[in-house]
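Commentary on secondary and tertiary structure
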Protein chains: 2
Amino acid sequence: MTCVVAIDVGGTTLKGGLIAPDGAILHRERRPTPRTEGPDRVIAAISAFVADLSRPRTVAGTLLRPAAVGLAVPGLVTSEKAVFSAAFGWRDVPAAAFSDGRLPLALGHDVRSAGEAELAHGPGAADALYLPIGTGIAGAVVLSVSLYGGAAGWAGQIGHIPVRPGGLPCPCGQRGCLAAYASAASIAARAGETTAEDVVRRAAAGDEPAARVWAEAVEALALALATYTLVLDPAMIVIGGGLSLAGDALVAPLRARLAARLTFRPAPEVRVSALGVDAGLLGAGLLARRALGQQGGGDVDDLGA
Amino acid sequence: MTCVVAIDVGGTTLKGGLIAPDGAILHRERRPTPRTEGPDRVIAAISAFVADLSRPRTVAGTLLRPAAVGLAVPGLVTSEKAVFSAAFGWRDVPAAAFSDGRLPLALGHDVRSAGEAELAHGPGAADALYLPIGTGIAGAVVLSVSLYGGAAGWAGQIGHIPVRPGGLPCPCGQRGCLAAYASAASIAARAGETTAEDVVRRAAAGDEPAARVWAEAVEALALALATYTLVLDPAMIVIGGGLSLAGDALVAPLRARLAARLTFRPAPEVRVSALGVDAGLLGAGLLARRALGQQGGGDVDDLGA
């Protein structure tokens, strides 16, 4: 059976999988992202993962033959290269650096491709923001049922809008960015925890410093979403990524604070993603499908390794 | 000769005119907006202006017969009603309230219709923000050569994005809105002057308080434009309205501050509008043309009053 390799490159984890033409995830595998060891080690880890997942393998008695690779990465990215990532410190990495050249590989933006997966598989709205929150924050801007990329494809960098001018420093070089307050990584670091989940748990148990960090994160998100709403008037905002696992502890106060920030218009619907953390993997799978399509016709089975 | 009535409703001035099918402005007239006398007086002043301009008149030996009315108003607006304006304090004013019913009248958003005029007549870019700054601030969001209105038509309310959370109060009920720092009206009021031009002149002459107000206005604009750029990646930002008359005194420091706020991507081009203060009138003219089109075929000359 033909499938595609999908890899969603996250700040702490590389999420890989093999995906069937109908979108079913046939195989899953995770590896740590060696982010602290520098950009070259991250690139080497990704290309080794690509090579390993590209080999035919038998799962539950079925031979799976990968035909293309979809690679979703954070930061600024074109179909030719990974231009910049604040999380990894890389600049202008060509798509070929991630591949051994045996299968066609499509490079894309993690959040935009995850947004395409939400649009393809989730409930969705014609005009929506899909905002995964994990190590960083970037949004997929859905306008009139299409993903909008901007003049150069760099739209959606919501994590670096200045919600608190002169505020906390951000790895991007600015101060007061949304991500410095509200990314899962920032929330954990500010409260001296390993994960944002720990912070939510401590806050719920009445711990004052954790509750303050959490409230500041929710308020920063409310400011950013109020701005997005005033500029683009979306019908729905979907929070995804690891932070969305906080569920009502996130969405209930966020809805209230967003409504309080919008005096003369109603707030759009705010919900957590239905696809959850699979959105990134399914989005990378859609990228791989595109790589197959661009290669042109024929039976995709002929492209097996 | 058939023409259309165009009225651009501003916070201090009602700008009216008669516009030829080719976009030439055949007649101009201005009246004060009785804003301080309450919403009912403003509505009465607009409908009297509509009635007066709708009468046939001879200009330079040519009989001009108006065939439709285009009315561009600020705030939240649909084609049926003026929903809300912080400047005028009105709520849910039906389009019929502005008309005596003799000519078809099209109601529209002042900034979006001015943006359509910029798109139709100016240099423009496929992905741009057109941002007129006068009594208030709202933007026309141009995406892929089309004006984008959002899910309910309320996109572009950039004047009320929270650039300084907890900052200066705004008539909308929030604090720290862009308009509280950078509208021409706010700049003048903060420096104790009648117009923003006076503030720019005093700042240029070395007056410290005026220079501080001006610098805070430019910085607030830079924050808002950095946010817009990160979210939507425009190729061009066009500043219009009265404040655009400041020219280089506005654009030079704004370009520098915007670039400084964007660490990992280039800034889009920033320029002042080529149509200047006529953009609003020409935009209202485009609304009137639409009212004619919606009425259906026939010789528009038959529609003369």
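Owing to the predicted nature of the structure, the values given are computational and were not obtained by experimental measurement. The residue numbering used here restarts from 1 in each chain and proceeds along that chain's sequence as written. Just so you know, chain letters begin at A and ligand numbers begin at 1, following the order they were written in. Where local features are concerned, this predicted model is filtered to residues with pLDDT of at least 70; where side-chain atom pairs are given and counted, the filter is 80 or more; whole-chain, interface and lining totals use all residues. As a convention, hydrogens and water are excluded, and side-chain values are obtained from all of the structure's heavy atoms.

Right, let's talk about the pattern of salt bridges for a bit. Residues and elements named next belong to chain A. Think of a salt bridge as a Lys or Arg side-chain nitrogen and an Asp or Glu carboxyl oxygen that are within 4 Å of each other. With the rule as written, the count across this model stands at 36 salt bridges over all chains. Two residues, Asp278 and Arg28, come together in a salt bridge whose shortest N-O distance is 2.7 Å. Of the two residues, Asp278 is situated in the loop between β14 (269–272) and α8 (279–295) and Arg28 in strand β3 (residues 25–32); the sequence distance between them amounts to 250 residues. Here Arg290 and Glu116 are joined by a salt bridge, their closest N and O atoms 3.0 Å apart. With Arg290 in helix α8 and Glu116 in helix α2 (residues 110–121), this pair connects stretches of sequence that are 174 residues apart. A single salt-bridge network, built from bridges that share partners, covers Glu29, Arg31, Asp52, Arg55 and Arg57. Every helix listed is a DSSP run of H or I at least four residues long, and every strand listed is a run of E at least two residues long, numbered separately from the N terminus.

The subject of this paragraph is the environment of Ile19(B). All names here are of chain B. Looking at the element boundaries, Ile19 is found in strand β2 (residues 13–19). Taking the relative accessible area as the measure of exposure, Ile19 reaches 4% and is therefore buried. As for Ile19 and Ala249, which are separated by 230 residues in sequence, their C-alpha atoms are 32 Å apart. Dropping the residues within four chain positions of it, Ile19 is found in contact with Cys3, Val4, Ala6, Ala24, Ile25, Leu26, Leu281, Leu282, Gly285 and Arg289. Each residue is assigned to one of three classes by its accessible area relative to the maximum for its type, calculated with a 1.4 Å probe on protein chains only: buried under 20%, partly exposed between the two thresholds, exposed over 50%. In this description, contact between two residues means that some pair of their heavy atoms is separated by no more than 4.5 Å.

Before going further, it helps to spend a moment on the domain arrangement of chain A. Residue and element names in this part refer to chain A. By the assigned domains, chain A splits into domain 1 (2–110 + 278–303) and domain 2 (123–273). Relative placement of domain 1 and domain 2: their C-alpha centres are 27 Å apart. If you look at the interface, domain 1 gives 8 residues, while domain 2 gives 5 residues. Between the two partners, domain 1 and domain 2, sit 0 salt bridges. Think of a polar contact as two N or O atoms within 3.5 Å of one another; within protein, one of them needs to be a possible hydrogen donor and the other a possible acceptor, and neighboring residues in sequence only count if both atoms come from side chains. The interface formed by domain 1 and domain 2 contains 1 residue pair in polar contact (both at pLDDT 80 or more). Residue ranges labeled as domains rest on an automatic or database domain assignment.

All names here are of chain B. The pairing criterion for strands is at least two bridges between them, as found by DSSP. What the 5 strands build is an open sheet, ordered β12-β11-β10-β13-β14; its pairing is mixed. The open sheet has two edge strands, β12 (146–147) and β14 (269–272), and neither has a second partner. In this structure, strand β10 (residues 128–132) lies alongside strand β13 (residues 236–240), joined through 5 bridges in parallel fashion. The partner of Tyr130 across the bridge, within β13, is Val238. Most of the contacts of helix α7 (residues 248–261) go to β14, to which it runs at about 165 degrees, and overall it touches β13 and β14. For helices, the fitted line uses only the C-alpha atoms of the stretch in contact; every axis is such a line through C-alpha atoms, and the angle between N-to-C directions lies from 0 to 180 degrees.

Between the rings of Phe, Tyr and Trp (Trp by its six-membered ring), a pair exists once the centres lie within 6.5 Å; its type follows the angle of the planes, with under 30 degrees stacked, over 60 edge-to-face, and the other angles tilted. Taken as a whole, this structure holds 6 aromatic pairs over all chains when the rule is applied. Centroid distance Phe88(B) to Trp90(B): 4.9 Å. Interplanar angle 55 degrees. Geometry classified as tilted. For Trp90(B), a relative accessible area of 1% gives the class buried. Measuring from centroid to centroid gives 5.7 Å for Trp90(B) and Phe98(B), while their planes differ by 65 degrees, and the two rings are edge-to-face. Following the ring pairs from residue to residue traces out a cluster consisting of Phe88(A), Trp90(A) and Phe98(A).

The residue Val145(A) is not glycine, and still its phi comes out positive at about 65 degrees. If you trace the backbone, Val145(A) turns up in the loop between β11 (140–143) and β12 (146–147). According to the relative accessible area criterion, Val145(A) is exposed, its value standing at 53%. Even without being glycine, Asp92(B) reaches a positive phi, approximately 50 degrees. Relative to the helices and strands, Asp92(B) resides in strand β8 (residues 91–94).

Let us look at helix α1 (residues 39–54) of chain B. Helices are assigned an expected span. That span is 1.5 Å times one less than the residue count. Look at α1(B): 23 Å from first C-alpha to last across 16 residues, which is about the 22 Å you get at 1.5 Å a residue. Listed in full, the buried residues belonging to α1(B) are Val42(B), Ile43(B), Ala45(B), Ile46(B), Phe49(B), Val50(B), Ala51(B), Leu53(B) and Ser54(B).

Turning to the relation of the copies chain B and chain A, a few remarks are in order. Mapping between the two copies of the chain is achieved by a rotation about an axis and a shift along the axis. Once chain B has been moved 0.0 Å along the axis and rotated by 180 degrees, it coincides with chain A to within an RMSD of 0.0 Å. The transformation relating the two chain copies, once decomposed into turn and shift, fits a two-fold axis. A share of 100% of the interface residues of chain B reappears at the interface of chain A, consistent with the copies meeting face to face through the same patch. When the copies are overlaid, the least-squares fit takes in C-alpha atoms only where the residue has pLDDT of at least 70 in both copies.

With that settled, consider the interface of chain B and chain A. Taken together, the 42 residues of chain B in the interface contact 42 residues of chain A. For any pair of parts, buried area is found by adding up, for both, the accessible area (1.4 Å probe) each one loses once the two are put together. Note on chain B versus chain A: buried area summed over both sides is about 3400 Å², and carbon and sulfur give 65% of it. The tally of links from chain B across to chain A stands at 0 salt bridges. For the side of chain B that touches chain A, the leading source of residues is helix α6 (residues 208–232) of chain B, giving 6 residues. Among the residues forming the side of chain B that touches chain A, the class breakdown is 26 nonpolar, 11 polar and 5 charged. In the scheme used here, Gly and all other residues not listed as nonpolar or charged are polar, with Ala, Val, Leu, Ile, Met, Phe, Trp, Tyr, Cys and Pro taken as nonpolar and Asp, Glu, Lys and Arg as charged.

Before going further, it helps to examine the sheet that holds strand β7 (residues 81–84) of chain B. Residue and element names in this part refer to chain B. One open sheet accounts for 3 strands, arranged β6-β7-β8; its pairing is antiparallel. A single partner strand is all that each edge strand has here, and the edge strands are β6 (76–77) and β8. With 3 bridges joining them, β7 and β8 adopt antiparallel strand pairing. Within β8, the position partnered with Lys81 by the bridge is Pro94.

The packing of two helices is summarised by the inter-axis angle and the distance between the axes. Residues and elements named next belong to chain A. At their nearest, the axes of helix α6 (residues 208–232) and helix α7 (residues 248–261) sit 9 Å apart, and the two run at 50 degrees to each other. By the angle class used here, α6 and α7 are oblique. Crossing geometry of α6 relative to α7 is assigned as right-handed. Mapping the contact onto sequence places Trp214, Ala215, Val218, Glu219, Leu221, Ala222, Leu223, Leu225 and Ala226 in α6 and Ala249, Leu250, Pro253, Leu254, Arg257, Leu258 and Arg261 in α7. When grouped by side-chain class, the residues that make up the contact of α6 with α7 number 13 nonpolar, no polar and 3 charged. In what follows, roughly perpendicular refers to angles from 65 to 115 degrees, roughly parallel to angles under 35, roughly antiparallel to angles over 145, and oblique to any angle outside these ranges. In a left-handed crossing the near helix is turned counterclockwise from the far helix by less than a right angle, and in a right-handed crossing that turn is clockwise.

The next thing to look at is the packing of helix α5 (residues 196–204) of chain B against α6(B). Residue and element names in this part refer to chain B. Closest axis-to-axis distance for the α5/α6 pair is 7 Å, and the angle between their directions is 120 degrees. Of the possible angle classes, the one that applies to α5 and α6 is oblique. For the element pair α5 and α6, the recorded crossing hand is left-handed. Taking contact as the criterion, the partners of Val199, Val200, Arg202 and Ala203 in α5 are, on α6, Pro209, Ala210, Ala211, Val213 and Trp214. Partitioning the contact of α5 with α6 into residue classes produces 8 nonpolar, no polar and 1 charged.

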